[in-house]
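# Summary of the model geometry
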Amino acid sequence: MNARAPEGYDPRAFEPFAVTVDLAVFTVRGSRLHVLLVERGEEPYKGCWALPGGFVLPRESAESAARRELAEETGLTENAVSAFHLEQLRTYSEPDRDPRMRVVSVAYAALVPDLPEPRGGGDAASARWWDATAPGPLAFDHDRILADAHDRIGARLEYSCLATAFCPPEFTLGELQQVYETVWGVELDRPNFRRKVLTTPGFVQAVEGAPRRTGGRGKPAALYRAGVATTLHPPLLRPEGRST
């Protein structure tokens, strides 16, 4: 049932504005953190790189718009996009953030396992994965959104078991540590990391009787799989003085 405007209400008394969505989608590729960017095919900022996103339609929620725009602008399948866990980051509402009109954007962040190369679609000329540490100047205020999203994703690794999703089904603790180092941009102490992981209930589970493989140096490494926990108690905090 649609709600009706109260008697005497005149929507023309208020200046219209648009609502958009922007998405910062991260993945780990080749031991580096990458972010998904699209090349704008239309003005403003035609030819510039930006986060995927677009306008929210009148009968559409912000999250539905985010998933639709992500599929349209990257060529990813609807099934692939529907599987993403999108975390609402914050709302960006500076009056002059878009030269076309007053635009308020709801931003989302996601950290997903490695995906195939995207392709442009909709109003995006092309799409590709960029090194998240050096994407170059982005359109609109997307540099700020990207920095905020990077920090949020780093915080998620402190309190959730998300990092195991970026490892093979059976992985070494060294591979798990590499995910944390890639996202956080720091080098972690190996013995300390191992101790924290193994003493956190439900974080990882040892693979009994599995073959052991050599990681390139030293003795063969034991294999683990993701445990039953979804949150970390206690959290696995980044070192003090870190930067992301």
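Structure first, text after, so check above.
Summarised in this report is the structure supplied together with it. (Residues numbered from 1 in each chain as written. Predicted model: local features only at pLDDT ≥ 70, side-chain atom pairs only at ≥ 80, totals over all residues. Heavy atoms only, no water.)

A cis amide bond links Glu43 to the next residue, Pro44, at an omega of 0°. As for its position among the elements, Pro44 is in the loop between β2 (32-40) and β3 (49-50). With a phi close to 55°, Phe140 is a non-glycine residue in the positive phi region. The topology assignment puts Phe140 in the loop between β7 (124-131) and α3 (142-159). (Helix = DSSP H or I, 4+ residues; strand = E, 2+ residues; numbered from the N terminus.)

Most of strand β1 (residues 18-29) sits out of view: eleven of its twelve residues are buried. The pairing of β1 with strand β6 (residues 103-111) spans nine bridges and is classified as parallel. Of the residues in β6, the one forming a bridge with Phe26 is Leu111. Sheet topology places β1 next to strand β4 (residues 53-55); three bridges connect them, and they run antiparallel. Of the residues in β4, the one forming a bridge with Asp22 is Gly53. (Buried < 20%, exposed > 50% of the residue type's maximum accessible area, 1.4 Å probe, protein only. Pairing = 2+ DSSP bridges.)

This part is about the side chain of Ser160. Mapped onto the secondary structure, Ser160 falls in the loop between α3 and α4 (173-184). Residue class for Ser160 comes out buried when judged on its relative accessible area of 11%. A polar contact of 3.3 Å, which involves the side chain of Ser160, links it to the backbone nitrogen of Leu162. Not counting residues within four places of it along the chain, the set of residues in contact with Ser160 comprises Tyr180, Thr230, Thr231 and Leu232. (Polar contact = N/O pair within 3.5 Å; in protein donor to acceptor, adjacent residues only side chain to side chain. Contact = heavy atoms within 4.5 Å.)

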